[in-house]
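Geometric and topological summary
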Amino acid sequence: MKTLILGAGYAGLAVATKMKPTPGLETTMLERNPYHTFETRLHEAAAHNTKVTLPLAPLLKGTGVNMENLTVEAVDLDKKEVTTKEGKTFTYDTLVVGLGSVTNFYRIPGLAENATELKELKDADEIFSFVNRAFTSDFIGPRDIVVGGAGLTGVELVTELAQRNELLAKERGLPPFTIYLVEAGPKILPVLDDALRGKAQATLDSYGIQTLIGHRITQATPTTVTVQTADGASKDLEAGKIIWTGGIQARDIVKGEKLQKGPGNRIVVDTTLRVPEYPEVFVVGDMGLGLNQDGKPVPTTAQHAGQQGRLTGKNLMRLAMGEELKPYEPNTLGEFVSLGGLMAVGWMKLPWNQKLAMTGGLAHVMKRASEWRWRSSIS
């Protein structure tokens, strides 16, 4: 059974590292980078140049999975073909698609052309470089930073940037720049309850971050962002760096005449994470539209991507041995938001669907524990 795994993000890597050499199973992973990126820690790399990658080759030892560093360009489910930008074409008996998501700019004029994303290591490097340049004596132009989107990524990013801002201002004797966090919705961090959200907002305020709730970005230029309130009032914010964390959508890279897609361009999958019309194809992570026990879409988070990947890795071996596949049962273990340094807020799941709220250092430890669990699961 010739199997392809596309992508080594949280989902794809979880698939590969759960596998073992299995008779009749020949597996190849296609991934453009020779490393795995901890996307949930890119905000730390953006502010502090923290190392957030792991080389892939050692992680794949003993799995029976071969890796080729190639960029997937197109997937044709009807032809059972995967083509790469480097010109190589692959065929398969079984396919695992874990190519993740791309940023959704919602067609806001000028935003895609002028905003930096935070999806890859190069994005973090670009932000880190700007912050350092902004604290040189010969820097010319606006220094303020505007971050669009007050979900997990946006909030974690602005708090880390605020710490870096304060440190460099003291070290170099220059005034700090202003950080704006712009959110079109009525609240920050919709994944948290009101009490935890209030603590997070208090932390943002203590950093001096200008939080603009109910402000929609309507236009961006290289040096300005136009925001509009619910009553229609508009104003321009000067920005040396614009960063957009306000939305994602699945990569539009998989084609098939019978393929069904749902919100956010996600591919509809069944309970075993296979495409019903193409049962030889598994879709995991951000690209798949799986449903939870309540019939609602599974969140596009790292913890769920890892769960899907681990199950799929085992299911591939079951498939090769002619065994019955097991269904995916999503389990949200909790949600923690880093607020810079040793500060965090969040909750963890307790028995009988109870939640334990945490703040401060303990929440920070739990946030780190999720990474330790991830590292353990892929080693």
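Going by the structure above, here's the rest.
These notes cover the structure that comes with them. Being a predicted model, the structure only gives us computed values, none of them experimental.

Focus on the sheet that holds strand S6 (residues 72-76)
- Spatially, S8-S7-S6-S19 is the arrangement adopted by the 4 strands of the open sheet, whose pairing is mixed. The outermost strands of the open sheet, each flanked by one partner alone, are strand S8 (89-91) and strand S19 (254-255).
- Of the pairings in the sheet, the one linking S6 to strand S7 (residues 81-84) comprises 4 bridges and is antiparallel in character. Within S7, the position partnered with valine 75 by the bridge is valine 82.

Details of the side chain of histidine 43
- Within the fold, histidine 43 resides in helix H2 (residues 42-48).
- Polar side-chain contacts of histidine 43 include one of 3.3 Å to the backbone oxygen of threonine 40.
- Not counting the four nearest positions on each side in its chain, histidine 43 is found in contact with Leu118, Glu156, Leu157, Glu160 and Ser338.

Some words on helix H9 (residues 360-378)
- Look at H9: 28 Å from first C-alpha to last across 19 residues, which is about the 27 Å you get at 1.5 Å a residue.
- Gly360, Ala363, His364, Met366, Lys367, Ala369, Glu371, Trp374, Ser377 and Ile378 are the residues of H9 that are buried.

Thoughts on the pairing of strand S17 (residues 241-244)
- Neither face of S17 is exposed, since Lys241 and Ile243 on one face and Ile242 and Trp244 on the opposite face are all buried.
- Where strand S11 (residues 145-148) lies against S17, 4 bridges are found, and the strand directions are parallel. For glycine 148, the partnering residue across the bridge sits in S17 and is tryptophan 244.

Examining helix H8 (residues 302-320)
- Over its 19 residues, H8 extends 27 Å from the first C-alpha to the last, a length consistent with the 27 Å expected when each residue adds 1.5 Å.
- Positive backbone phi, at 75 degrees, marks glycine 322, one or two positions downstream of H8.

Points about the packing of helix H5 (residues 121-134) against helix H6 (residues 152-172)
- With their axes 10 Å apart at the nearest point, H5 and H6 run at an angle of 30 degrees to one another. Relative to H6, the element H5 lies roughly parallel. Viewed along their axes, H5 and H6 form a crossing whose handedness is right-handed. Where H5 abuts H6, its residues Ile127, Phe128, Val131 and Asn132 lie against Leu161, Arg164, Leu168 and Arg172.
- Considering only residue class, the contact of H5 with H6 consists of 5 nonpolar, 1 polar and 2 charged.

Rules of the game
- Residues numbered from 1 in each chain as written.
- Predicted model: local features only at pLDDT ≥ 70, side-chain atom pairs only at ≥ 80, totals over all residues.
- Heavy atoms only, no water.
- Pairing = 2+ DSSP bridges.
- Helix = DSSP H or I, 4+ residues; strand = E, 2+ residues; numbered from the N terminus.
- Polar contact = N/O pair within 3.5 Å; in protein donor to acceptor, adjacent residues only side chain to side chain.
- Contact = heavy atoms within 4.5 Å.
- Expected span 1.5 Å × (residues − 1).
- Buried < 20%, exposed > 50% of the residue type's maximum accessible area, 1.4 Å probe, protein only.
- Axes fitted to C-alpha atoms, helices over the stretch in contact; angles between N-to-C directions.
- Parallel < 35°, antiparallel > 145°, perpendicular 65-115°, else oblique.
- Left-handed = near helix turned anticlockwise from the far one by under 90°.
- Nonpolar A, V, L, I, M, F, W, Y, C, P; charged D, E, K, R; others polar.

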